[in-house]
Amino acid sequence: MIMDDDGFIWLAADKGLFRYNGKEYTNYSHPNKRGLSVFNLQKDHKGRIWCSNVSGQFFYIENDVLHLFFDIKDRVKTTQLPVFTTDENDGISISTDEGLYHVDFSTKKIKELTRIKNNLLKIPPNIARHSGDVFFFNDSILQFRNGKFHQSYTFDSNNIYNRFFSFNNTFYFISSREKYFTPSGINETTFYKIEPDSGKLKEVFTPLEIRSKTIINVSEIDNRVWFNTNDGTFVYQIVDGTWIFQKRFYEKRYTTRVVRDNNDNYWIATLRNGIYVIPNLSINRLETPQGIQNITSLSVVKDNLIYGTDKGCIIVNNLETGATKAIELFKGLRVLKMAYNNQTNVLFICGDVQSYLWDLNTGNVKEAFEVRGAKDLSTVNANLLLISNHNSVSLLDYSNYQINTKSDSIDLNFRYRGKLIRAKDRREMGTVRSYTNLLRKDSSIYIGQIDKLYFIDKKGSKKEVLYMGNSIFATDIAETNDGIIWVSTNENGIFGLRKDKVVFNYNKSNGLQTDQALKVLADKNDVWVVTNKGLHFFDRNEVSFKSFSFKSEIPIQKISGIKNYRDKIYLSGNSGIFIVDKSYLKDAKKAPEVYFESVVIGNENKGPQNEYTTSYKENSFEARFNANFYNSKESLTYLYRLRGIEKDWKETNTGVVRYPSLPSGNYTFEVRAITNKGVSTKEIKTIELFITTPFWNQWWFYLLIIFIGIGYFRFTIKRVRKKQEEKLEKERVSKKLVFSQLENLRSQMNPHFIFNVLNSIQEYIVRNDKYAASTYLVEFSKLIRMYLDHSRKEEIQLNEELSALKIYLGLEKNRFDNDFAFSIQEVKGISPEKLYVPSLFLQPYVENAIKHGLLHKREDKELSVKFDYKKEHHVLVCIIEDNGVGREASKSINKANNKYHTSFATKANNNRVDLLNRNRKRKIEVQVVDNYNENSEPVGTKVIISIPQHL
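Residues numbered from 1 in each chain as written. Predicted model: local features only at pLDDT ≥ 70, side-chain atom pairs only at ≥ 80, totals over all residues. Heavy atoms only, no water.

Per an unreviewed UniProt entry, the protein goes by Histidine kinase and derives from Asprobacillus argus.

Now the structure itself:
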């Protein structure tokens, strides 16, 4: 077993090489390793851990990987374990049953230093390094310097120098002979050292306790020498050349190695019995008679520790000699409280139903009537005793009790004197339950009641002590030499008072590990505080707290007393009495060094790094960290925060922190550790974390959104304006269509047509052709009514248009004395009621064919109107064809007759077509085709009108 520079504990075991980090074990192996067991753990000058196995393989740990350095299987002839030591610069020295060898670090070349002759035991000689030299020893000692033989030491062949150790720059050799080879029949161990002048080995003093033990390993720790033997571990100090025995651990255990870790725990490895951990050598349990555990009260009287138990016993323990004396006082009832008056040398002892005054000058004991059921006792002046109990606080005056002259020594004979004594005077200081009190030398008083703290001056004036306007719940009261009154509280840490004023407050925010303080002890001007988490020393010069936990080192659930004696603090409770060296808390301890074990981002273990960048999609963060402290869950508290979302530090004991979902941004994860002794990490460990911003949260996206918004706003305005313009345009078109319809109506109702029709009717009347006149008039009136009816509609059915055309052509034919013939071919394959045409639309084209085509022709005048439905395109086609003079001849004739003439109907129709197409997706098409004969002479005109249908 060994500890490396980073605080990891390494264990060589029959199952392989293991590393312990304070929480868990990690196994290290190599693919070419033969067998499981490893031995001979060592640390070289680079801090690397080395080990070997019985088959001659040598390994080292570097970059957290086990490397195979060298294999000497050909030079190992037996199953005995080769031993080795590492050099500071150039390699390792190896001892086998055949000889001593050196292997160079860089070249890995092996050099034989010496051969072993007549090695009957076939045991590899031990090997050691001291001041740069290598010592190779078994029944003799060979010294090598710089890889060359330097000197040899030969002694009694019966001695085997199998162990060594160094202390205060002196190199000791240990010769052990098993009991089977000694005349006495017991193991014999002898120490030797090299004389500087003669260069010879000289036998030196061997401690009595280990002379008959087999030394397995020797370690120097804290100026102490630790001997691991076949019968436990022995601890010594050497003072001025004298061996002083201190402690023995694990008797009848075969111990092999001791290591002290960074938390001052001592690890002792054994053969077949595992590993023992001693929490601290500075903390010890006081041996009590008959294994008494539950200590209910505690007092120090000169050199004696006096304590009471829950069974009514008083135990007197002399702290100088260790002698103890037990006195049965209350016959099974508890000893509640004790108070020692050093002016009179009197000890007040209070139980549930009885109390006593023990005069330590004479040893006389008398029963005190008024003192019983006390929660707390306080005495300073010669005759006064302040008692707190369940329903009152009383000040008792025992000046009537004659105390003999105070003696420098004390009488512990405990002589009963049956006389019952009463106090001369009893003054009630309060009628409420009280838990603690303090009687000062000037006769002023502090009383801690259920939820209030009172100060009563020497004149009897009573005043409540408040903090920031709030009452104080006191659990204990003490006074330091400078006159400061220290009060422990249940919720606010500790207070320092001057009379009734609070001048100090220390709590979790400024030094204490907790706000719940249970006991307080004055030590000159310093203060010891017992809390629900441990023992704290308050150094008032440095204004700092040093602490350690009860859980791992002092297993007391309920503290009954704390006392100070010289360089020790005594703590009593339900688990006995524990002794703490003051120097243990006062001395600076090594700060824990936190390191990261792993970092998981998203679902991927990234490994420890200083910086990480991750996508907003992988925004979970988990950090695992440790500080290599034994039982770190109880010995360490980790403080952490994620800067960017957290300002205050949070606590954990697990070493694992997870943030399941973090927003985008820059973060710094910080972690530090504080030990149960209050020693904090010197360096805060950090991890920088950057979570990328999603594109919708980046500046360019905001800018894009602004531009899109502006564009959309402008587009919307433009679209609204366009719709308004379209609406206005529709209104204009609608007005124009109405006007166009009126124009078409006017075209169809032109004066010439009406005048001619009326002349024809007049002619029938003059001729007394009543039937013809009546028929003609009826047809004319129908037509007029149809035109007026159609003028109110945008579209009409095709059958309505056909009816109007037939009447119109009939009237025109009659008006021109049957001068032309016409035909109308209706649509086939679909009902004309399902087809629509614009109202007042086709008639002007028919009129043009008659007026400009047929009118100028002399004979054989024909007009045809054909309708066809293109089903595949949903288009109604109307073809108006005449066999008149053609468009060019008509233009010439019209121009000759009236050079300013323009066809009114043609112009109106063209305008109307434009207006109708503005609101149509599928446009109305009008095509005019001139017809020619084979001689290229005009023979008429054809108008093709295509009207899309909304089916």
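After that view, the rundown keeps rolling.
Remarks on the overall build of the protein
If you tally the helices and strands in the protein, you get 10 helices and 74 strands. Expressed as a percentage of the 951 residues in the protein, the buried residues total 49%. Within the protein, contacts between residues separated by at least 24 positions form 52% of all contacts whose residues are at least 6 apart in sequence. A total accessible area of about 48400 Å² is found for the protein, and carbon and sulfur atoms account for 48% of it. (Helix = DSSP H or I, 4+ residues; strand = E, 2+ residues; numbered from the N terminus. Buried < 20%, exposed > 50% of the residue type's maximum accessible area, 1.4 Å probe, protein only. Contact = heavy atoms within 4.5 Å. Areas by Shrake-Rupley, 256 points an atom, 1.4 Å probe, with all protein chains shown as cover.)

A word on the sheet that holds strand E8 (residues 65-71)
Spatially, the 4 strands line up as an open sheet ordered E5-E6-E7-E8, and their pairing is antiparallel. Every other strand in the sheet has two partners, leaving strand E5 (39-43) and E8 as the edge strands with one partner each. Taken over all neighbouring pairs, the strand axes of this sheet differ in orientation by 25 degrees on average, direction set aside. With 3 bridges joining them, strand E6 (residues 49-52) and strand E7 (residues 57-62) adopt antiparallel strand pairing. Within E7, the residue paired with Cys51 across the bridge is Phe59. (Pairing = 2+ DSSP bridges. Axes fitted to C-alpha atoms, helices over the stretch in contact; angles between N-to-C directions.)

Overview of the nonpolar core
Residues Leu798, Phe841, Val846, Leu863, Phe867, Ile880 and Ile945 are the most contacted members of the largest nonpolar core, which totals 45 residues. Secondary-structure elements contributing two or more residues to this core are helix H5 (751-766), helix H6 (770-790), helix H7 (798-815), helix H8 (843-854), strand E71 (861-870), strand E72 (875-882), helix H10 (904-918) and strand E74 (938-948). Not counting residues within four places of it along the chain, the set of residues in contact with Phe867 comprises Leu798, Leu802, Leu805, Ile824, Gln825, Glu826, Val827, Leu842, Leu876, Val877 and Cys878. Listed in part, the 24 residues of the second largest apolar core include Ile601, Tyr638, Tyr659 and Ile687. (Core = buried A, V, L, I, M, F, W, Y, C linked by side-chain atoms within 4.5 Å.)

Quick look at the sheet that holds strand E66 (residues 665-675)
Reading across the sheet, the 5 strands line up as E61-E67-E66-E63-E64 and stay open at both edges, with mixed pairing between neighbours. Each of the sheet's edge strands pairs with one partner strand only, and the pair in question is strand E61 (611-614) and strand E64 (650-652). On average, adjacent strands in this sheet sit at an angle of 25 degrees to one another, irrespective of strand direction. Where E66 lies against strand E67 (residues 685-691), 7 bridges are found, and the strand directions are antiparallel. Residue pairing for E67: Thr668 is matched across the bridge by Glu688.

Quick notes on the pattern of salt bridges
Tallying each qualifying case throughout the model produces 41 salt bridges. Put simply, Asp500 and Lys463 hold a salt bridge, and the shortest N to O gap is 3.0 Å. Of this pair, Asp500 sits in the loop between strand E50 (494-498) and strand E51 (501-506) while Lys463 sits in strand E45 (residues 462-464); the two residues are 37 residues apart in sequence, bridging distant segments of the chain. Note on Lys463: relative accessible area 44%, which makes it partly exposed. Among the salt bridges present, the one from Arg887 reaches Asp930, with a minimum N-O distance of 2.8 Å. Taken as a pair, Arg887 in helix H9 (residues 887-897) and Asp930 in strand E73 (residues 925-932) lie far apart in primary sequence, 43 residues in all. Look at Arg887 and you get partly exposed, because its relative accessible area is 36%. (Salt bridge = Lys/Arg side-chain N within 4 Å of Asp/Glu carboxyl O.)

What about the side chain of Arg440?
Here Arg440 shows up in the loop between strand E42 (434-439) and strand E43 (445-449). Relative accessible area serves as the criterion here: at 14%, Arg440 is assigned to the buried category. Among the polar contacts made by the side chain of Arg440, one reaches the side chain of Glu479 at a distance of 2.8 Å. Residue contacts for Arg440: discarding those within four places in its chain leaves Val380, Asn381, Tyr446, Glu479, Gly483 and Ile485. (Polar contact = N/O pair within 3.5 Å; in protein donor to acceptor, adjacent residues only side chain to side chain.)

Some words on the pairing of E43
Taking burial as the measure, the 5 residues of E43 include 5 buried ones, the bulk of the element. Here E42 pairs with E43 via 5 bridges, running antiparallel. Of the residues in E43, the one forming a bridge with Asn437 is Ile447. The turn joining E42 and E43, which pair antiparallel and follow one another in sequence, is formed by 5 residues; a positive phi near 70 degrees is taken by Ser443. Connecting E43 to the antiparallel partner strand E44 (residues 453-456) that follows it, the hairpin turn spans 3 residues.

Some details on unusual backbone geometry
Of note in this structure, Asp222 is not a glycine but carries a positive phi near 55 degrees. For Asp222, the location among the structural elements is in the loop between strand E21 (215-221) and strand E22 (224-229). Its identity as a non-glycine residue notwithstanding, Asn223 has a phi of 60 degrees, on the positive side. Here Asn223 shows up in the loop between E21 and E22. With relative accessibility at 54%, the residue Asn223 sits in the exposed group.

Section: the packing of H7 against H8
Put simply, H7 and H8 touch, their axes get as near as 11 Å, and they point 25 degrees apart. When the axes of H7 and H8 are compared, the pair comes out roughly parallel. Taken as a pair, H7 and H8 cross one another with a handedness that is right-handed. Taken together, the residues of H8 that come into contact with H7 (itself represented by Glu801, Leu805, Tyr808, Leu809 and Glu812) are Gln843, Val846, Glu847 and Ile850. Broken down by class, the residue content of the contact of H7 with H8 amounts to 5 nonpolar, 1 polar and 3 charged. (Parallel < 35°, antiparallel > 145°, perpendicular 65-115°, else oblique. Left-handed = near helix turned anticlockwise from the far one by under 90°. Nonpolar A, V, L, I, M, F, W, Y, C, P; charged D, E, K, R; others polar.)

What about the packing of aromatic side chains?
Given two aromatic rings, one states the distance between the centres and the angle between the planes to describe the pair. The tally for this structure, following the rule as stated, stands at 48 aromatic pairs. Between the aromatic rings of Phe234 and Phe245, the centroid separation amounts to 6.3 Å while the plane-to-plane angle is 50 degrees, which identifies the pairing as tilted. Here the residue Phe234 occupies a position in strand E23 (residues 232-239), and Phe245 occupies one in strand E24 (residues 242-249), the gap between them amounting to 11 residues. In this structure Phe234 comes out as buried when scored by relative accessible area, which is 1%. Residue class for Phe245 comes out partly exposed when judged on its relative accessible area of 34%. Aromatic side chains Phe249 and Tyr250 sit 6.2 Å apart centroid to centroid with 40 degrees between the ring planes, which places their arrangement in the tilted category. (Phe/Tyr/Trp six-rings, centres within 6.5 Å; stacked < 30°, edge-to-face > 60°.)

What to know about H6
Residues that lie three or four places apart on an α-helix share one face, since the helix turns once every 3.6 residues. The terminal C-alpha atoms of H6, which comprises 21 residues, lie 30 Å apart, in line with the 30 Å expected from a rise of 1.5 Å per residue. For H6, the full list of buried residues reads Ala772, Ala773, Tyr776, Phe780, Leu783, Ile784, Tyr787 and His790. One side of H6 carries all its buried residues, which in axial view fall inside an arc of 135 degrees. The exposed residues of H6 that point more than 90 degrees off its buried face are Lys770, Tyr771 and Arg785. (Expected span 1.5 Å × (residues − 1). Arc of directions from axis to C-beta.)

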